[in-house]
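# Notes for the structure review
The chain contents come next:
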Amino acid sequence: MKKSSQHGDPAAGLVEATARKKGGKGLIADLDQLVVLRNKIRHAAGPRTRAELEKSLGRIESLMLSSLSRCAFLAHTRWVHTDRLQWMPDAGKFRVSGLALMGDHPDFATVSFGTAHPLANDQLYLIPPNDGPLPLSPFCLLSDCPACLAPELYYPDRVTSSTALLKSLDRGHELDSGSVFKALREWGTS
């Protein structure tokens, strides 16, 4: 298990990084504090003098460095959209081919790898280096944008009584999805 040099927290994985820790520590606590600071600034309670600004920047810098340190495990994970899964009986594992998402725009690179875990075709997975793949659907999915026809990453932004309104992460394009709505309802009741 790799340790962060600045804060000494293990950078092991999603469950450990997002666990709420005693004393208001951990990634979620840091992010909560950043949101509180942002809300104060948006509601005119931000720094007014140079001294207040320098103090505020020191606090923000500390929270940002702590947050980045606590989510360092993300640098070692891959986001893969599966195209094809094939069982290889001689090797005793599955061969997966698909697209690896890179960058925040995103760009794509073809990828092929072996895994002991069966994955579904046409799905998005977070693949940590030493753990099993985590399905990201219905919380994040790759789909072609109906407006610009480019593949984009979408997340559920709003849920109505019959559909989920999805927004793309990078362009803000919108897409309605009945299947995401159904999956979110099933996930919420399980």
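## Observations regarding the nonpolar core
L141, C145, Y154, A164, L166, L175, V180, F181 and L184 together form the largest nonpolar core, which totals 9 residues. Counting only elements with at least two residues in this core, the list comes to β8 (164–168) and α4 (178–189). For this core, the leading source of residues is α4, giving 3 residues. Counting 8 residues, the second largest nonpolar core, distinct from the first, contains V80, V111, F113 and Y125.

## Here's the deal with the packing of helix α2 (residues 27–42) against helix α3 (residues 50–70)
For the pair α2 and α3, interaxial distance at closest approach is 9 Å and the crossing angle is 145°. For α2 against α3, the interelement crossing comes out left-handed. Contacts between α2 and α3 involve L27, D30, L31, Q33, L34 and L37 on the former and, on the latter, R59, I60, L63, M64, S66, S67 and R70. Residues belonging to the contact of α2 with α3 are distributed by class as follows: 7 nonpolar, 3 polar and 3 charged.

## Topic: the packing of aromatic side chains
A full pass over the atoms with the stated rule returns 2 aromatic pairs. Seen from their ring centres, F139 and W187 are 4.9 Å apart, and the 80° between their planes marks the pair as edge-to-face. Residue F139 is located in the loop between β5 (134–135) and β6 (141–144), and its partner W187 is located in helix α4; the two are separated by 48 residues in the primary sequence. The exposure class assigned to F139 is partly exposed, which follows from its relative accessible area of 40%. Looking at R78, its charged tip hangs above the ring of F113, at a distance of 4.7 Å from the centre.

## A look at the side chain of H81
With respect to the element layout, H81 can be found in strand β1 (residues 78–88). In terms of polar contacts, H81 uses its side chain to reach the side chain of D122, at 3.1 Å. For H81, the contacting residues outside a window of four places in its chain are G98, L99, L101, D122, Q123, L124 and L142.

Each value, and the rule that gives it
Residues numbered from 1 in each chain as written. Predicted model: local features only at pLDDT ≥ 70, side-chain atom pairs only at ≥ 80, totals over all residues. Heavy atoms only, no water. Core = buried A, V, L, I, M, F, W, Y, C linked by side-chain atoms within 4.5 Å. Buried < 20%, exposed > 50% of the residue type's maximum accessible area, 1.4 Å probe, protein only. Helix = DSSP H or I, 4+ residues; strand = E, 2+ residues; numbered from the N terminus. Axes fitted to C-alpha atoms, helices over the stretch in contact; angles between N-to-C directions. Left-handed = near helix turned anticlockwise from the far one by under 90°. Contact = heavy atoms within 4.5 Å. Nonpolar A, V, L, I, M, F, W, Y, C, P; charged D, E, K, R; others polar. Phe/Tyr/Trp six-rings, centres within 6.5 Å; stacked < 30°, edge-to-face > 60°. Lys NZ or Arg CZ within 6 Å of the ring centre and 35° of its normal. Polar contact = N/O pair within 3.5 Å; in protein donor to acceptor, adjacent residues only side chain to side chain.

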